[in-house]
Amino acid sequence: MNRRDFIKGCSASLALLAAPSLNVYSQILSDQREHCFVFVFLRGGCDGLQLVAPASDRTFQDARPHGLKVNTSGNSLGHLLENGLDDIGFYLHPEAAGLYELYQEGDLAILHGCGLPNGTRSHFEAMALIERGIASKEAVTDGWMARLLKALEPKGKLPALATSGGLPLSLSGYLPTACIPDIDSYRFPTDHDYSSLLRKWYSSSSHLDQTAQMTLDTMETVANLKFPLGNPKGYPKEWYAHDLSNSMQTLAKLIRSDCGVRVATVNHMGWDTHEDQVSQFPMLVRTLSQSLTAFYQDLAGREKDVTVVVMSEFGRRLRANKSNGTDHGHGNMMMVLGKGVKGGRMYGKWPGLDQRNLDKGVDLAISTDYRTVLGEVLQERMGVSSLATVFPGFEMPTKLNLFKTY
Amino acid sequence: MNKIGWARFVDEQLNPKEEPKELQNLLREKTYHWKVSYTKEDRPPQRLQAYFESGRETYRRIWQSDQNPEKIDIRLPFYETIIVSWLKAVHSPWQLREIMVEFWHNHFAVSGADEDMIALTFAAYDRDTIRPNVFGNFREMLEAVAKSPAMLYYLDNAYNRAGPANENYARELFELHTLGEENYYNDQYDKWDDVPGAREGKASGYIDEDVYEAARAFTGWTVGVNPDWRLSIPSTGEFYYYDNWHDHYQKRIMGVQLEGHQAPMADGLRVLDILSSHEGTARFVCRKICKWLVADKPSDGLVDKAVRTWLEHLDAPDQIARTIRTILLSPEFVEGLGTKIKRPNHLILSFARTIEAQFVPNSGAYWWCDAMGYHQFSSPFPTGNPDDANAWINSDIMLKRWLIFSNLDELVKEEGYFKLDVALQVPDNVQSVDALIDLLSEKLWNGKVADAVRTELSDIFSTNLPKVSFRELRTQFPEVFEAKSLHLAGMLAMSPQFQER
């Protein structure tokens, strides 16, 4: 689709919105123009059944050994999620107290039975498909966020951010992506500024040189940013939480500096718990919950300008293996966080844990394509009307209605 | 290098002899000779110990707990492997071997930074599993890896027991070590007979069910460390097959029927046979090797040649050597030799070599690379460190590479293992900054710098200099000259020319 069609599409959808007053109308417009989408990818295959556990379900209780489940009472008592799915008592993992509060406050929505419809159980294939925004091997090589950014044509100084180091596949194809794991070290420490030298050296149009120029541009931008005070309380300090905690704190700072971040990605590693899930899972959940909660507070007033989506490449198996871990599964939970979210409730259609409802007889099935969730965020908060370029070949089904309407 | 000279050079490199005396002395002086073996305690929980012997001291032991009597860092075998790899990379004449050792470490990636047990067994992984098989036979290499304690711990197979099996190792065996994702028919999942060729016992690819069956085949392949007094696992510290944990029942893998109740380890070995002889494996691995040695996108013609050699010599003890020989002596090698972005470790190595630094690395070299995004022997993913330009060119990594070299004088001062006497290498006839720049750029990449760049470099060199001529600077202020020359060399290493091979 060309730019003109895209804009026509945009204005068409805007015209359909009721416009009670000019002020509200311009607020919608400005929200969508400036809105920032944050994508937190739990890498390794997060065990959604233990994070958002169908604890009152008999099948779940029978299938999982002690330590790999959440209970409705006694040991491993989780947090009961009101407005759950069907009549099942869904409980958030006990270590996710911070997320629970956000849920209670109505800013966090939780979904289940989500994921990549493609049945792959390979990390790398699943991640590659998700980051390219497709469901099966196709000739699509760039990342879906890169396509999104090209459609948005952002005006800010740092429109695309990766704060976990390295360039993620989802942003591949969008050259002005800034990979900034840490603000303070994103500069030349000595009294020499080599920018002038390096600009003269990396002066051709090769990919290497263009990336070098872009790096120097980004360094200059970052050096000139002003950072209004945030509220950095509660970021976890344990060694195992360092990476995620640092990434999110960096991201919060950059968002506060109003440098025009539209899309940001964060990686949380380590969820591939094939073995000894009992010891590893609580640390992972605590890290995620504390980091996200701290990040949200640290936005210090900009929560309405940000929507966070948390997902993983697939869930894990219903039954554990004999090494006290779980193997790769299929359907999983997703989370959406932000001031505009109709939180405090669960969304999606619970596929069920009866044998006949399990995918391949062993895994939680998928009833909601991950792109339905992402697509709704894009349409409701990022001002994208047509998803055809961002998610080629995807037909958006009925909306989940995750967002408050103004 | 002419054709005959090149062929002879390749053959020499593929048949490495002993390391030169100097390197041997360095290795003896800077490292220990680790032997991983097991305690003689009778009662579990027994502890895995690493014994070392060196010229200087007799036995010392470290073990997998906090009650380490001699307070030796349990990760010492891991650091030692790092040091050995750097010493050899810098000083060994057998460079092709070092390049391929690095390749296999990334192909059969194990992270020594993960758990103590893996750090403890890492030296044995390098010395007994990877290095002996580097130019050898792939089937043998596969078995050695499958039985190595480091891999058994890393991909959880040491804990793989029937009821149900742990799929971690089996999955990566198919996806990363042999057939690769390109041969994964994920849509078929358990419809084994839908896979082309499966009905004839010659499936052209694998499905998830093959992974699960293979996981069952490897149950009981563990490490000789007894976790529980009720079990009867003996204390060896090496690979041990514990039959009580094995799933004996019949299995079907890639269309091949494995009868139940076979001899010990027969199931697992059969899986290795099937995978190592498969054409898909040949293609996947050969393309990776071509990518590693030649260019990011090797030509199909080159890969085809390599695959042919690989398959012709499936049982040969020098199968891998022959395949590499085919690659390096092919015309496609010369034509296809594209520019590859140097990985961070190569960046440091090529700098040290061209600038003739005295480089006696300690484990600090690991942190240099880590800072540039290269996690030696400790990749966060079992895919190993990436071998693709995109991984090394982005706005995070680029800055990190520049930072290391722009700060070279500080690093040299602090780390102390990188001695660079630039001044000593500058001949007397170099009488100006320009000449010095030319000398250094010739050393580093056989080329020159553009005029605009030259002016900048000159200006930076001349800041805060005593007001004397170049010659007077050399003779009367040798330390300043040394520091400035070192700094200049570092800046030249930030150039685009130096980033590429």
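Residues numbered from 1 in each chain as written. Chains lettered and ligands numbered in written order. Predicted model: local features only at pLDDT ≥ 70, side-chain atom pairs only at ≥ 80, totals over all residues. Heavy atoms only, no water.

Here we come to the overall build of chain A. Each helix and strand counted, chain A has twelve helices and twelve strands in total. Expected size for 406 residues packed as a compact globule is a radius of gyration near 22 Å; at 21 Å, chain A falls within 12% of this value. Its C-alpha atoms put chain A at 65 × 50 × 45 Å along the principal axes. Considering only intrachain contacts with a sequence separation of at least 6, the fraction spanning at least 24 residues in chain A is 72%. (Helix = DSSP H or I, 4+ residues; strand = E, 2+ residues; numbered from the N terminus. Rg over C-alpha atoms; globule rule 2.2 N^0.38 Å. Contact = heavy atoms within 4.5 Å.)

Looking now at the overall build of chain B. In terms of regular secondary structure, chain B is built from 25 helices and nine strands. Within chain B, counting contacts between residues at least 6 apart in sequence, those at least 24 apart form 67% of the total. When the accessible area of chain B is evaluated, it comes to approximately 21,000 Å², of which 50% is carbon and sulfur surface. (Areas by Shrake-Rupley, 256 points an atom, 1.4 Å probe, with all protein chains shown as cover.)

Now for the pairing of strand β1 (residues 36–42) of chain A. In terms of burial, β1(A) is a largely internal element, seven of the seven residues being buried. Of the two faces of β1(A), the one lined by A:Cys36, A:Val38, A:Val40 and A:Leu42 and the one lined by A:Phe37, A:Phe39 and A:Phe41 are each fully buried. (Buried < 20%, exposed > 50% of the residue type's maximum accessible area, 1.4 Å probe, protein only.)

Another aspect to go through is the sheet that holds strand β2 (residues 52–53) of chain A. Ordered by their spatial adjacency, three strands build an open sheet running β2-β4-β3 (chain A), and the pairing between neighbours is antiparallel. Strand pairing shows two members of the sheet lacking a second neighbour, β2 and β3 (79–80) of chain A, which therefore form its edges. (Pairing = 2+ DSSP bridges.)

Here we come to helix α4 (residues 95–107) of chain B. With 13 residues, α4(B) should cover 18 Å at 1.5 Å per step; its first-to-last C-alpha distance of 18 Å lies within 8% of that length. Listed as buried for α4(B) are B:Leu96, B:Arg97, B:Glu98, B:Met100, B:Val101, B:Glu102, B:Phe103, B:Trp104, B:His105, B:Asn106 and B:His107. (Expected span 1.5 Å × (residues − 1).)

All names here are of chain B. This model, assessed by the stated rule, comprises 40 aromatic pairs over all chains. Their ring planes at 55 degrees and their centres at 5.1 Å tell us that Phe 138 and Trp 310 sit as a pair that is tilted. In this pair, Phe 138 sits in helix α6 (residues 138–146) while Trp 310 sits in helix α12 (residues 300–312), placing the two residues 172 residues apart along the sequence. With 6.3 Å between their ring centres and 50 degrees between their planes, Tyr 153 and Tyr 159 make a pair best called tilted. (Phe/Tyr/Trp six-rings, centres within 6.5 Å; stacked < 30°, edge-to-face > 60°.)

Glancing now at the interface of chain B and chain A. Listed as interface residues are 56 residues of chain B and, on the opposing side, 54 residues of chain A. Taken over both partners, the interface formed by chain B and chain A buries close to 4,400 Å², and the fraction arising from carbon and sulfur atoms is 64%. Looking at the side of chain B facing chain A, the largest losses of area belong to B:Tyr189, B:Ser395 and B:Trp402, adding up to 14% of the total buried there. In this structure, A:Lys200 engages B:Glu456 in a salt bridge whose closest nitrogen and oxygen atoms are separated by 2.4 Å. Here chain B and chain A share 24 residue pairs in polar contact (both at pLDDT 80 or more) between them. (Buried area = accessible area lost by both parts, 1.4 Å probe. Salt bridge = Lys/Arg side-chain N within 4 Å of Asp/Glu carboxyl O. Polar contact = N/O pair within 3.5 Å; in protein donor to acceptor, adjacent residues only side chain to side chain.)

Let us look at the pattern of salt bridges. Residue and element names in this part refer to chain B. Scanning all chains against the criterion turns up 50 salt bridges over all chains. In this structure, Arg 171 and Glu 167 form a salt bridge, with 3.4 Å as the shortest nitrogen-oxygen distance. Among the residues examined, Arg 171 registers a relative accessible area of 2% and is labelled buried. You can call Glu 167 buried: its relative accessible area is 1%. When salt bridges with common partners are traced through the structure, they connect Glu 102, Asp 296, Lys 340, Arg 343 and Asp 387 into a single cluster.

Counting 219 residues, the largest nonpolar core has A:Val38 and B:Trp104 as its most contacted members. Excluding residues within four positions of it along the chain, A:Val38 makes contact with A:Leu251, A:Ile255, A:Ala264, A:Val266, A:Phe295, A:Val306, A:Thr307, A:Val308 and A:Val309. Ranked by size, the runner-up nonpolar core spans 46 residues in total, among them A:Phe124, A:Leu152, A:Tyr370 and A:Val377. (Core = buried A, V, L, I, M, F, W, Y, C linked by side-chain atoms within 4.5 Å.)

Residues and elements named next belong to chain B. Running from amino to carboxyl end, helix α3 (residues 76–91) crosses helix α16 (residues 364–371) at an angle of 85 degrees, the nearest separation of the two axes being 9 Å. On the basis of their axis angle, the class for α3 and α16 is roughly perpendicular. Counted together, Phe 78, Ile 82 and Trp 86 of α3 and Ala 365, Tyr 366 and Cys 369 of α16 form the full contact between these two elements. The class makeup of the residues in the contact of α3 with α16 is six nonpolar, no polar and no charged. (Axes fitted to C-alpha atoms, helices over the stretch in contact; angles between N-to-C directions. Parallel < 35°, antiparallel > 145°, perpendicular 65-115°, else oblique. Nonpolar A, V, L, I, M, F, W, Y, C, P; charged D, E, K, R; others polar.)

With that settled, the discussion passes to the confidence of the model for chain B. Parts of the model with low pLDDT should not have their predicted coordinates read in detail. Residues and elements named next belong to chain B. Confidence along chain B averages 86 in pLDDT terms, with 89% of residues attaining 70 or more. Averaged over each element, pLDDT in chain B is lowest for strand β3 (residues 60–63) (52) and highest for α6 (98). Confidence drops under a pLDDT of 50 for residues 55–60, and excluding neighbours within four residues, the segment shows eleven contacts in the predicted structure. (pLDDT = per-residue confidence, 0-100.)

For the rest of this paragraph, the subject is the environment of B:Leu269. Position of B:Leu269 among the secondary structure elements: in helix α10 (residues 266–276). Distance in space between the C-alpha atoms of B:Leu269 and B:Arg139 is 9.7 Å, their sequence separation being 130 residues.

Moving on, we get to the confidence of the model for chain A. Taken as a whole, chain A shows an average pLDDT of 89; of its residues, 91% reach a score of 70 or greater. Across chain A, element-level confidence peaks in strand β10 (residues 332–337) of chain A with a mean pLDDT of 98 and bottoms out in helix α1 (residues 3–16) of chain A with 41.

Quick look at the pairing of β10(A) now. All names here are of chain A. Of all six residues that make up β10, six are buried, and the element is covered over most of its length. Alternating residues of β10 divide into Asn 332, Met 334 and Val 336 and Met 333, Met 335 and Leu 337, and every residue in both groups is buried. Alignment of strand β9 (residues 306–312) against β10, held across three bridges, turns out to be antiparallel. Bridging from a neighbouring strand, Val 308 pairs with Leu 337 of β10.

Glancing now at the side chain of B:Ser378. All names here are of chain B. For Ser 378, the position within the fold is in the loop between α16 and α17 (389–392). A distance of 2.8 Å separates polar atoms of two side chains, one belonging to Ser 378 and the other to Tyr 366. Apart from the residues lying within four places of it in its own chain, the contact partners of Ser 378 are Phe 78, Val 110, Ser 111, Gly 112, Ala 113 and Tyr 366.

In this chain, B:Gly163 is followed by B:Pro164 through a cis amide linkage whose omega measures -20 degrees. Relative to the elements of secondary structure, B:Pro164 occurs in the loop between α7 (149–154) and α8 (168–177). One non-glycine residue with positive phi stands out, namely A:Asp258, at about 55 degrees. As for its position among the elements, A:Asp258 is in the loop between α10 (242–256) and β8 (263–268). For B:His261, which is not glycine, the phi dihedral falls at a positive 55 degrees.

Time to look at helix α21 (residues 433–445) of chain B. Quick reminder: α-helices carry 3.6 residues per turn. Residues three or four places apart thus point the same way. All names here are of chain B. Relative to the 18 Å expected for 13 residues at 1.5 Å per residue, α21 spans 18 Å between its end C-alpha atoms, a close match to the ideal helical length. Among all positions in α21, only Val 433, Leu 436, Ile 437, Asp 438, Leu 440, Ser 441, Leu 444 and Trp 445 are buried. Asn 446 lies just past α21 and shows a positive phi near 60 degrees.

Bringing the side chain of A:Asp359 into the picture now. As for its placement among the helices and strands, A:Asp359 is situated in the loop between β11 (346–347) and β12 (368–369). Discounting chain neighbours no more than four positions away, the residues touching A:Asp359 are A:Arg121, A:His330, A:Leu364 and A:Ala365.

Here we take up the packing of α8(B) against helix α9 (residues 208–217) of chain B. Residue and element names in this part refer to chain B. Orientation of α8 relative to α9, taken along the N-to-C sense of each, is 130 degrees, at an axis distance of 8 Å. Regarding the angle of α8 to α9, the classification is oblique. Judged by the sense of rotation from one axis to the other, the crossing of α8 with α9 is right-handed. Of α9, the residues touching α8 (which contributes Ala 170, Arg 171 and Phe 174) are Asp 208, Asp 210, Val 211, Tyr 212, Ala 214 and Ala 215. (Left-handed = near helix turned anticlockwise from the far one by under 90°.)

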